[in-house]
Amino acid sequence: MTKKAFRPDVDAPEWKGGYSPYDIIKEGTIALVVVALLTLLLAIVFGSPDEHAITIKTWSNAAPVDFATTALSELNGTSTTAQYGAPYNHGSTGPQLGPFTLAKWAGVRISVNTVNDFVIDPLKSQPSQPALSTALTQWSQASSSERAGWVADYTKAAGKMTFANGQVMVNSTNAGPVPVFIEDLTQMARSGALDQALITQAGFYTTNYTMPLLFLADGTYLSGLADHQHLTGDQWGMMNETGSYPGQAWLWLYTFWYQIPPFNTSANADVLVFAIMGLLSIGLLVTPFIPGLRSIPRKTRVYRLIWREHYQNQEKT
Amino acid sequence: MSWYGSFAALLPLDNLGHYLHWHFIDISIANVVVIALMVITFIAALLLPFPGRQRRKENP
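Residues numbered from 1 in each chain as written. Chains lettered and ligands numbered in written order. Predicted model: local features only at pLDDT ≥ 70, side-chain atom pairs only at ≥ 80, totals over all residues.

Right, let's talk about the packing of helix α6 (residues 130-141) of chain A against helix α8 (residues 178-191) of chain A for a bit. Residues and elements named next belong to chain A. At a closest axis distance of 9 Å, the pairing of α6 and α8 adopts a crossing angle of 130°. Considering their axes alone, α6 and α8 lie oblique with respect to each other. With respect to the hand of their crossing, α6 and α8 are arranged in left-handed fashion. Only Val180, Phe181 and Asp184 of α8 make contact with α6, whose side of the interface consists of Ala131, Leu132 and Ala135. Residue composition of the contact of α6 with α8, by class: five nonpolar, no polar and one charged. (Axes fitted to C-alpha atoms, helices over the stretch in contact; angles between N-to-C directions. Helix = DSSP H or I, 4+ residues; strand = E, 2+ residues; numbered from the N terminus. Parallel < 35°, antiparallel > 145°, perpendicular 65-115°, else oblique. Left-handed = near helix turned anticlockwise from the far one by under 90°. Contact = placed C-beta atoms within 7 Å. Nonpolar A, V, L, I, M, F, W, Y, C, P; charged D, E, K, R; others polar.)

Next up, the structure:
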């Protein structure tokens with residue numbers, strides 16, 4: 001049987017020299033103590049940002065017209081959520097990778113009907129109010145075409161929407177119950193009641209904020225705040241934190257793709273970037289099996305810089 | 001304000017950050033500082049001698 005030839009990229013030569021004792025527990029303990037002390041010191045000296053949570057109450061009080069316009073977009077089906085597709089609804093095909101309609105395959109897992117979930121059902125949860133009860137009855141008894149006509153009429157007039165004296169002002173003529181819906185939903189939001197009505201957690205602890213977050217994301221208020229803090233996708237936002245706190249610098253490659261064509265204009269950027277990063281991660285995982293790439297450490301000889309004492313001694317002997 | 005709160009007020013980081021722009025690159029000064037410190041640490045790890053090397057002698 002012939003002996004296999006030595007392959008420098010794959011095989012390790014047998015060590016025939018001496019061995020030195022090395023206390024890795026001691027080194028680990030020292031590293032742990034140093035890092036813990038450094039963390040404590042930095043936490044004391046630097047104040048971390050403490051941004052308050054943005055709620056629908058915050059939003060509707062700060063930008064009532066934006067809230068009311070977004071509420072209307074939920075009602076007329078033009079909001080991002082209404083047109084998103086899976087996992088929320090069948091509004092569009094959703095994110096896809098080439099011919100693979102990934103989101104559609106996964107299906108509607110968190111069903112969201114923006115008309116009922118964001119507008120009608122929260123209004124139904126309000127204590128009895130004559131005008132609102134009448135409007136809800138009128139809506140429930142109307143045909144689809146009647147509803148569409150009312151919403152279209154209000155949408156047409158809403159281009160000149162204002163907010164004055166604590167009320168939403170729109171000069172609509174034949175909008176049926178829609179003005180009452182938008183006005184009451186805005187008042188509900190400003191009081192904080194809509195935040196509670198949209199929380200759908202069945203358990204004791206409230207942890208599911210899907211509905212209020214979707215509603216918030218459909219408006220321009222939240223994205224405006226994110227833009228101001230350099231947190232949006234086209235601002236390398238994945239790498240950033242609020243304030244002047246350092247962010248997640250290690251996500252540079254992930255967010256880099258979002259800045260260049262074709263990803264910065266693609267509606268499927270999330271899936272495309274996910275696929276690229278998946279491929280690159282697999283490439284990193286199998287580096288030891290890729291000829292050429294696996295030779296880089298051996299050819300750059302950085303190891304000789306780290307263990308220079310050893311190689312100097314070896315050359316002397 | 002608690003005693004540790006007054007420490008934190010020395011260098012508050014809740015003010016809006018400063019950013020460097022160059023073509024499509026947009027990076028915060030805070031991230032630049034962290035990246036620079038990581039690079040310095042890496043170079044130091046390569047170049048600084050191992051501690052206790054005087055005491056440790058390789059066996060022949």
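Let's shift gears to the environment of Gln248(A). All names here are of chain A. Within the secondary structure, Gln248 is located in the loop between α11 (221-228) and α12 (252-256). Taking the C-alpha atoms as reference, Gln248 lies 45 Å from Val178; in sequence the two are 70 residues apart. Not counting the four nearest positions on each side in its chain, Gln248 is found in contact with Met238 and Met239.

Another aspect to go through is the domain arrangement of chain A. Interface size is often expressed as the accessible area that is lost when the parts come together. Residues and elements named next belong to chain A. Here chain A is partitioned into domain 1 (56-219) and domain 2 (229-284). Measuring from the centre of the C-alpha atoms in domain 1 to the corresponding centre in domain 2 gives 30 Å. Facing four residues of domain 1, the contacting portion of domain 2 comprises five residues. Here the side of domain 1 that touches domain 2 is built from residues that sort into three nonpolar, one polar and no charged. (Domains from an automatic or database assignment.)

Taken together, the contact pairs 28 residues of chain A with 29 residues of chain B. Secondary structure elements with two or more residues in the side of chain A that touches chain B: α1 (24-45), β1 (46-47), α15 (302-306) and α16 (308-316) of chain A. In terms of residue count, the dominant contributor to the side of chain A that touches chain B is α16(A) (three residues). Its residues placed into classes, the side of chain A that touches chain B shows 13 nonpolar, 13 polar and two charged.

A separate point is the nonpolar core. All names here are of chain A. Core analysis: the biggest nonpolar cluster contains 39 residues, and Ala71, Tyr154, Val178, Phe181, Ile182 and Leu185 have the highest contact counts within it. Among the secondary structure elements, those contributing two or more residues to this core are α2 (56-62), α3 (64-76), α5 (114-124), α6, α7 (144-157), α8, α9 (193-198) and α10 (210-218). The element contributing the most residues to this core is α8, with seven residues. (Core = buried A, V, L, I, M, F, W, Y, C linked by C-beta atoms within 7 Å. Buried ≥ 20, exposed ≤ 12 C-beta atoms within 10 Å, placed from the backbone.)

Turning our attention to the environment of Asp227(A). Looking at the secondary structure, you find Asp227(A) in helix α11. As for Asp227(A) and Tyr84(A), which are separated by 143 residues in sequence, their C-alpha atoms are 22 Å apart.

This brings us to the confidence of the model for chain B. Residue and element names in this part refer to chain B. For chain B, mean pLDDT is 80; residues scoring 70 or higher make up 70% of the total. At the level of individual helices and strands, chain B shows its lowest average pLDDT in helix α1 (residues 3-8), which scores 62, and its highest in helix α2 (residues 29-47), which scores 94. This prediction of the complex comes with two scores: 0.83 for pTM and 0.79 for ipTM. (pLDDT = per-residue confidence, 0-100.)

Turning our attention to the packing of α3(A) against α7(A). Residue and element names in this part refer to chain A. Axis separation between α3 and α7 bottoms out at 10 Å; the angle between their running directions is 150°. Looking at the two axes, α3 sits roughly antiparallel to α7. Judged by the twist between their axes, the crossing of α3 over α7 is left-handed. In this structure, α3 uses Leu72, Leu75 and Asn76 to contact α7, whose residues at the interface are Val151, Tyr154 and Thr155.

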